[in-house]
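Summary of the model geometry
What follows is the residue order along each chain.
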Amino acid sequence: MRLQTAASLAVFSSLASALGFDCKHIKIDNYKYDLSPLGGAHEITHSVSTDDFVTNTTYRLNICNILGDSAHMGDATCGTSKNICGFVNRSPVDGNGDLTFGFPIVGLEPLGEGSKDPEVKRLKEIDAETEGLRVKLAGGSYKGDGNDQKAKKAAAVIEFQCDNERSGLEGLHTLAEAEPKERRRREEETAPKTNSSSLQFKSFALADDDTYVLRLDWRTKYACDNFEGDTDKPSTSNSWGFFTWLIIIAFLCTAAYLIFGSWLNYNRYGARGWDLLPHGDTIRDVPYIFQDWLRRVVNTLQGAGSRGGYSAV
């Protein structure tokens, strides 16, 4: 049974990648973005209190993969093939008759039916002063407060806002890690210490197109237009590579010239020793030429220190 479940999750994962949103390779307006460091199942909770009820809604999301086991919260579930789910716990003030249920917001239906209909825009298209990405994903449904109501479509709009000081993992409650623990630990160590979460809830409400839309703000450096990850940054070794090859080529050319010249002098003139080298006399005179040049430099510097011009009478 476990093997069958694992196989099903693998199928759903491949379908989600093929038919949905690829967080690692986002290309728009000649800009490339990689949001995969934000992968993993995260959750954020929003609470509303009235005179009669206290409603806690927990939203679980994984922008890079399906939720899998994280699509279950107690007895509530919304389907393991989803990317974003909501879990409502409504408690009456008098303490009687709690209501708990889950509902899908983003994801594919089982066996790949349905679509997340991803829409990606740069925030500068909406506001020239704001840098980042706006991602809209669909594929869910919500019945409202009562199960007797007709289900309406559900979707999510996430605004990934550029913030060079944040990795995007600050203050997040992560349920499952989508990347090695060592890498996530480095992200957390280098992240600035702050009490605010990089992921913020904005609203969940019925939009003009009769769709329930979850709106989230996510501040992260990975949404910056000119951000370059560690693997994409030009390294100093690449810069040194050009000069290294230049030195190697110059050395090979010099060696080839000396070898060919020596061979020519040997076969044509029967030269031996220093006479084998082309321009051997000049090469032997290099130390003396250098001494003469150094002496002239010293004399010039000493002469520059003496007072010149006319003296006062």
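Residues numbered from 1 in each chain as written. Predicted model: local features only at pLDDT ≥ 70, side-chain atom pairs only at ≥ 80, totals over all residues. Heavy atoms only, no water.

Named according to an unreviewed UniProt entry, the protein chain is Autophagy-related protein 27 originating from Penicillium brevicompactum.

A word on the overall build of the protein chain. Secondary structure assignment for the protein chain yields five helices and 14 strands. A buried classification covers 33% of the 313 residues belonging to the protein chain. In the protein chain, 56% of the contacts between residues at least 6 apart in sequence involve partners at least 24 apart. In the structure as shown, the protein chain presents an accessible area of about 20,200 Å², 54% of it carried by carbon and sulfur atoms. (Helix = DSSP H or I, 4+ residues; strand = E, 2+ residues; numbered from the N terminus. Buried < 20%, exposed > 50% of the residue type's maximum accessible area, 1.4 Å probe, protein only. Contact = heavy atoms within 4.5 Å. Areas by Shrake-Rupley, 256 points an atom, 1.4 Å probe, with all protein chains shown as cover.)

With that settled, consider the state of the cysteines. Counted under the stated rule, the structure contains three disulfides. Between Cys-23 and Cys-64 runs a disulfide, and the two sulfur atoms are separated by 2.1 Å. For the disulfide bridge between Cys-23 and Cys-64, the dihedral angle about the S-S bond is near 115°, and by the sign convention the bridge is right-handed. Residue Cys-23 is located in the loop between α1 (2–19) and β1 (26–28), and its partner Cys-64 is located in the loop between β4 (53–61) and β5 (72–73); the two are separated by 41 residues in the primary sequence. Looking at Cys-23, the relative accessible area reads 4%, which means it is buried. Residue Cys-64 is classed as partly exposed on the basis of its relative accessible area, which comes to 26%. Sulfur-sulfur distance for the disulfide between Cys-78 and Cys-85 comes to 1.6 Å. Taking the sign of the S-S torsion, about 55° here, the bridge from Cys-78 to Cys-85 comes out right-handed. Disulfides within the protein chain link the bonded cysteines, taken in sequence order, as 1-2, 3-4, 5-6. (Disulfide = S-S within 2.5 Å.)

Judged by nonpolar contacts, the single largest core of 36 residues is most densely connected at Leu-35, Ile-105, Phe-160, Phe-204, Leu-214 and Trp-218. Sorting the residues of this core by element identifies β1, β4, β7 (82–92), β8 (99–107), β10 (132–142), β11 (152–162), β13 (199–206) and β14 (212–220) as the ones contributing at least two each. Those residues in contact with Ile-105 that sit more than four places away from it in its chain are Tyr-59, Ile-84, Cys-85, Gly-86, Ala-138, Gly-139, Gly-140, Ala-154, Ala-155, Ala-156, Phe-204 and Leu-214. Ala-41, Leu-67, Ala-76 and Cys-85 belong to the second-largest nonpolar core, a separate cluster that totals seven residues. (Core = buried A, V, L, I, M, F, W, Y, C linked by side-chain atoms within 4.5 Å.)

Before going further, it helps to spend a moment on the pairing of strand β3 (residues 41–49). Across eight bridges, β3 lies against β4 in antiparallel orientation. Opposite Val-48, over in β4, you have Thr-55 as the bridge partner. The hairpin formed by β3 and β4 contains three residues between the paired strands. (Pairing = 2+ DSSP bridges.)

Residues Trp-245, Ile-248, Ile-249, Phe-251 and Leu-252 make up a contiguous nonpolar surface patch of roughly 570 Å² in combined accessible area. Mapped onto the fold, Phe-251 is located in helix α3 (residues 236–269). (Patch = residues over 30% accessible without salt bridge, like charges linked within 9 Å, V, L, I, M, F, W, Y side chains within 5 Å. Salt bridge = Lys/Arg side-chain N within 4 Å of Asp/Glu carboxyl O.)

Let us now look at the packing of aromatic side chains. For the coordinates displayed, the defined rule picks out 12 aromatic pairs. Between Phe-103 and Phe-204 the ring centres are 5.5 Å apart and the planes differ by 40°, which places this aromatic pair in the tilted class. Here Phe-103 is found in strand β8, whereas its partner Phe-204 is found in strand β13, with 101 residues between them in sequence. The class for Phe-103 is buried, based on a relative accessible area of 4%. On the accessibility criterion, Phe-204 (18% relative accessible area) is buried. A ring pair is formed by Tyr-142 and Tyr-212, whose centres lie 4.7 Å apart and whose planes are at 80°; its orientation type is edge-to-face. You can see Tyr-142 sitting in strand β10 and its partner Tyr-212 sitting in strand β14, a full 70 residues away along the chain. For Tyr-142, a relative accessible area of 9% gives the class buried. Put simply, the rings of Tyr-59, Phe-101, Phe-103, Tyr-142, Phe-201, Phe-204 and Tyr-212 pair up and form one aromatic cluster. A cation over a ring is seen here: Arg-60 above Phe-87, with NZ or CZ 5.6 Å from the ring centre. (Phe/Tyr/Trp six-rings, centres within 6.5 Å; stacked < 30°, edge-to-face > 60°. Lys NZ or Arg CZ within 6 Å of the ring centre and 35° of its normal.)

Here we take up the pattern of salt bridges. Throughout the structure, instances matching the rule amount to 10 salt bridges. The closest approach of N and O atoms between Arg-166 and Asp-163, which form a salt bridge, is 3.6 Å. For Asp-163, a relative accessible area of 13% puts it in the buried group. Among the ionic contacts, a cluster of salt bridges with common partners joins Asp-29, Arg-122, Lys-124 and Asp-225.

Attention now moves to unusual backbone geometry. Excluding glycine, residues mostly have negative phi values, and the peptide bonds linking residues are mostly trans. Backbone geometry at Asn-30 places phi at a positive 65°, although glycine is not the residue there. Secondary-structure assignment places Asn-30 in the loop between β1 and β2 (31–33). The residue Asp-210 is not glycine, and still its phi comes out positive at about 65°. Structurally, Asp-210 is set in the loop between β13 and β14. What makes Asp-210 partly exposed here is its relative accessible area of 39%.

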